[in-house]
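One-letter residues, chain by chain:
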Amino acid sequence: MASMASVNIGGQQMQGDVNDPIMKFKILVPRLKESLQKVMLQAAHVLNQNALLDSCTVRNPDVPVQRFDKCLEDFYAICDQIEMYLRLATEVITQNIDAQRHAPMPTQQPVTQVTQQNFDTVGYVHYINQVRLQMASAQELHDVLVECARRIGGDKPVQQPPS
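Residues numbered from 1 in each chain as written. Predicted model: local features only at pLDDT ≥ 70, side-chain atom pairs only at ≥ 80, totals over all residues. Heavy atoms only, no water.

Chemist: Can you lay out the overall build of the chain for me, pointing to particular residues and giving the numbers?
Modeler: Each helix and strand in the chain was counted, giving three helices and two strands. Ordered by position from N to C terminus, the α and β elements of the chain give β-β-α-α-α. Each of the 163 residues in the chain was classed as buried or not, and the buried ones make up 11%. Restricting to contacts in the chain with at least 6 residues of sequence separation, those with at least 24 account for 45%. Entry remark: accessible area of the chain is about 13,600 Å², with carbon and sulfur atoms responsible for 58%. (Helix = DSSP H or I, 4+ residues; strand = E, 2+ residues; numbered from the N terminus. Buried < 20%, exposed > 50% of the residue type's maximum accessible area, 1.4 Å probe, protein only. Contact = heavy atoms within 4.5 Å. Areas by Shrake-Rupley, 256 points an atom, 1.4 Å probe, with all protein chains shown as cover.)

Chemist: Got a sec to walk through the pattern of salt bridges? Specific residues and values, please.
Modeler: Scanning all chains against the criterion turns up five salt bridges. Residue Arg67 pairs with Asp69 through a salt bridge whose shortest N-O separation is 2.4 Å. By relative accessible area, Asp69 is classed as partly exposed at 40%. Ionic pairing is found between Glu147 and Arg150, a salt bridge with its closest N-O pair at 2.3 Å. Here Arg150 and Glu147 lie together in helix H3 (residues 124–152), a separation of three residues that amounts to about one turn. Through salt bridges with shared partners, one network takes in Glu147, Arg150 and Arg151. (Salt bridge = Lys/Arg side-chain N within 4 Å of Asp/Glu carboxyl O.)

Chemist: Can you tell me about helix H2 (residues 68–102), naming the residues and giving the values?
Modeler: Counted at 1.5 Å a residue, the expected span for H2 with its 35 residues is 51 Å, and the 51 Å between its end C-alpha atoms agrees. Within the span of H2, buried status applies to Cys71, Phe75, Ile78, Ile82, Tyr85 and Ala89. Taken together, the buried residues of H2 touch helix H1 (21–54). (Expected span 1.5 Å × (residues − 1).)

Chemist: Run through the packing of aromatic side chains, naming residues and quoting values.
Modeler: Taken as a whole and judged by the stated rule, the model has one aromatic pair. Taking 5.9 Å as the distance between ring centres and 55° as the angle between the ring planes, the aromatic pair formed by Phe75 and Tyr76 counts as tilted. For Tyr76, a relative accessible area of 48% gives the class partly exposed. (Phe/Tyr/Trp six-rings, centres within 6.5 Å; stacked < 30°, edge-to-face > 60°.)

Chemist: Before we move on, could you go through the packing of H1 against H2 and cite the residues and values that matter?
Modeler: A pair of packed helices is characterised by two quantities: the angle between their axes and the separation of those axes. One can describe the packing of H1 onto H2 by two numbers: an axis separation of 9 Å at closest approach and a directional angle of 160°. Taken together, the axes of H1 and H2 are roughly antiparallel relative to one another. Along this stretch, H1 crosses H2, giving a crossing that reads as left-handed. A breakdown of the residues in the contact of H1 with H2 according to their chemical character gives 20 nonpolar, three polar and four charged. (Axes fitted to C-alpha atoms, helices over the stretch in contact; angles between N-to-C directions. Parallel < 35°, antiparallel > 145°, perpendicular 65-115°, else oblique. Left-handed = near helix turned anticlockwise from the far one by under 90°. Nonpolar A, V, L, I, M, F, W, Y, C, P; charged D, E, K, R; others polar.)

Chemist: Provide a residue-level description of the confidence of the model for the chain, including the pertinent values.
Modeler: Overall, the prediction assigns the chain a mean pLDDT of 78, with 67% of residues at 70 or greater. H1 holds the highest mean pLDDT among the elements of the chain, 91, whereas strand E1 (residues 4–9) holds the lowest, 53. Note that residues 109–116 has pLDDT below 50 and, in this model, five contacts with residues that lie over four places away or in other chains. (pLDDT = per-residue confidence, 0-100.)

Chemist: Run through the environment of Met40, naming residues and quoting values.
Modeler: Looking at the secondary structure, you find Met40 in helix H1. Considering only alpha carbons, one finds Met40 and Cys71, 31 residues apart in sequence, at a separation of 9.1 Å.

Chemist: Tell me about H3, residues and numbers included.
Modeler: Look at H3: 42 Å from first C-alpha to last across 29 residues, which is about the 42 Å you get at 1.5 Å a residue. At the C-terminal side of H3, Gly154 shows a positive phi close to 75°.

In structure tokens, the structure reads:
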């Protein structure tokens with residue numbers, strides 16, 4: 001069962017599935033912005049320190065600063081997480097499209113429709129329709145394969161096994 005969560009992102013209250021990759025992406029975007037700001041500030045500070053050292057104005061910087069490579073590593077880690085969640089979201093969408101095409105009845109029932117009677121059950125009419133669709137798809141695939149075998153064999157009649 002999917003758990004729902006309420007998350008505050010950028011001052012906006014958002015509700016969604018905790019396991020939803022798009023929701024996780026939306027949570028990571030503000031962190032990515034903050035990380036980018038840190039990288040830019042650190043880069044500016046390092047450039048400023050290097051310019052001062054090059055101009056011989058400052059001999060030894062006394063101010064300990066956060067390392068630039070650490071900031072950049074954090075930024076890239078968040079980017080990698082975002083990329084992973086977006087790829088996962090694409091895969092989920094692809095699976096849903098395939099499920100709708102090959103199994104026209106819903107593969108998952110919404111939580112509001114689940115009751116004691118229809119939990120893990122499918123009506124007989126839906127079952128029969130699903131079997132008919134699968135049989136039609138199997139017959140279509142069989143016909144395509146027979147046609148391909150006929151073309152490869154040089155228009156020789158292919159013997160079909162008795163049904």
